[in-house]
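# What the coordinates show
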Amino acid sequence: MSLVSFFERWFAKKKSTTKQKEPSLLSQIGSSMELLLLKAGSLTGSAINEKNRIVALSETAAKLRPLEEIAAVKFEQDILGRITAVSSACDTVLAGKDTDDLNHAIDALAHIIGQRKNLESGTPKES
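Note that the structure is predicted; figures quoted are calculated from it, not measured.

About the cut-offs
Residues numbered from 1 in each chain as written. Predicted model: local features only at pLDDT ≥ 70, side-chain atom pairs only at ≥ 80, totals over all residues. Heavy atoms only, no water. Axes fitted to C-alpha atoms, helices over the stretch in contact; angles between N-to-C directions. Helix = DSSP H or I, 4+ residues; strand = E, 2+ residues; numbered from the N terminus. Parallel < 35°, antiparallel > 145°, perpendicular 65-115°, else oblique. Left-handed = near helix turned anticlockwise from the far one by under 90°. Contact = heavy atoms within 4.5 Å. Nonpolar A, V, L, I, M, F, W, Y, C, P; charged D, E, K, R; others polar.

Contact pair helix 2 (residues 25-40) / helix 3 (residues 48-62): the axes reach a minimum separation of 10 Å and the direction vectors enclose 165°. Taken together, the axis directions place helix 2 and helix 3 in an arrangement best described as roughly antiparallel. Considering the relative orientation of helix 2 and helix 3, their crossing is left-handed. For the pair helix 2 and helix 3, the contacting residues are Ile 29, Met 33, Leu 36, Leu 37 and Ala 40 in the first and Lys 51, Ile 54, Val 55, Leu 57, Ser 58 and Ala 61 in the second. A per-class count over the contact of helix 2 with helix 3 returns 9 nonpolar, 1 polar and 1 charged.

Summarising the element assignment, Gln 115 is placed in helix 5 (residues 100-121). Each C-alpha atom, one on Gln 115 and one on Phe 75, is 7.5 Å from the other, the two residues being 40 residues apart in sequence.

Don't take any of this as a statement about function, it's just geometry.
Pasting the structure below:
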């Protein structure tokens, strides 16, 4: 085996192992919502309503269909950010704070999921 063919094979193997397909934004949303559901499962007492809203949003997010539109990608990125905000707000409630921030974060997540869902049906977006 020549030195050139050795390096060609080595680089080909290296290239194929490092070039893995990144998960889609929708699969990232699904994973993030699953983690959020685990955290929301710890909500009790006065936060039961918020817990139920998170469950409903998770079901809605799971039904999102892939779209090739730039706007869909933007909304999906925003959804991931809003999921993080809801998760942080859950932490504050679990630490003993009131649910105001959690409700605002859930409202924002619901709004952006609704906008993304509207893209599928062709309904004009609200800003």
